[in-house]
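Chain by chain, the residues run as shown.
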Amino acid sequence: MKKDPRTYQKRSQRDYSLAFKLQVVQQVEKGELTYKNAQSFYGIQGRSTVLVWLRKHGTLDWSLPKQYTLENNSELTPEQRIKQLETALKEEQDRNLIYKTMFDILQKEHGIKLPKKSLPKQSNGSKPKEK
C-alpha cells in the first residue's frame, strides 16, 4: 500500500541551539538581516520565533514603540512643549485642509452634496412664553 505524496505531513518543532540563536540575534542587531529575512534565510518556521529570541537574548530594546502623546509633558521644557503643540496644530490644520479640498472636489466634480452637521438644539430650560 503506497502513501499518497500529496497528504499533509505534520511539521515538527525544531530545537535550536543557544549558539545558533545568538548568531541570528547578532546578525539582526547588526543590520545584516531583518528578523523576517533571518526567518526565511534559516528556515525558521515560527512567525515570532526570531522576535522572541531578540527580546530574550538581544541587547536592543524590541518592545513596542513609544507612543508620543500630549500627556507626556512632565519632562518637557516649556519651549519643547510649545514646539510639540505647534507641530500638532500644523498637522491638524493640514488634515483639515485635505478634508475641505476633498469635500469641494466631491461637490464640484461629482455633484455629491455632503450635509453639514448641525449642532443639537439646546433647550433653554424654561417653558415657552405665553401671549
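Basis of the calculations
- Residues numbered from 1 in each chain as written.
- Predicted model: local features only at pLDDT ≥ 70, side-chain atom pairs only at ≥ 80, totals over all residues.
- Heavy atoms only, no water.
- Helix = DSSP H or I, 4+ residues; strand = E, 2+ residues; numbered from the N terminus.
- Buried < 20%, exposed > 50% of the residue type's maximum accessible area, 1.4 Å probe, protein only.
- Contact = heavy atoms within 4.5 Å.
- Areas by Shrake-Rupley, 256 points an atom, 1.4 Å probe, with all protein chains shown as cover.
- Salt bridge = Lys/Arg side-chain N within 4 Å of Asp/Glu carboxyl O.
- Patch = residues over 30% accessible without salt bridge, like charges linked within 9 Å, V, L, I, M, F, W, Y side chains within 5 Å.
- Expected span 1.5 Å × (residues − 1).

Now for the overall build of the protein. Counting its secondary structure elements, the protein contains 4 helices and 0 strands. In the protein, the order of α-helices and β-strands from amino to carboxyl end is α-α-α-α. The burial tally for the protein puts 11% of its 131 residues in the buried class. Contacts spanning at least 24 positions in sequence make up 43% of the contacts within the protein whose residues lie at least 6 apart. For the protein, the exposed area adds up to about 12,900 Å²; of that, 54% sits on carbon and sulfur atoms.

When the charged atoms of two side chains lie near each other, side chains of opposite charge can form a pair. As enumerated under the stated definition, the model contains 2 salt bridges in all. Note that Asp94 and Lys90 form a salt bridge whose closest N and O atoms lie 3.0 Å from each other. Of the two residues, Asp94 and Lys90 are both situated in helix H4 (residues 78-110); the distance of 4 residues between them amounts to about one turn of the helix. By relative accessible area, which is 47% here, Lys90 ends up partly exposed. Its salt-bridge partner being Glu92, residue Arg95 comes within 2.4 Å of it at the nearest N-O pair. Linking Arg95 with Glu92, this pair stays in helix H4, spanning 3 residues, or about one helical turn.

Glancing now at a nonpolar patch on the surface. Taken together, Ile98, Tyr99, Met102, Phe103, Ile112 and Leu114 make up a surface patch of nonpolar side chains, about 560 Å² in accessible area. Relative accessible area serves as the criterion here: at 41%, Leu114 is assigned to the partly exposed category.

Compared with the 48 Å implied by 1.5 Å per residue over 33 residues, the 47 Å span of H4 between its first and last C-alpha is a close match. Once H4 ends, the next one or two residues include Gly111, with phi positive near 70 degrees.

Function cannot be read off these values alone, since they describe shape.
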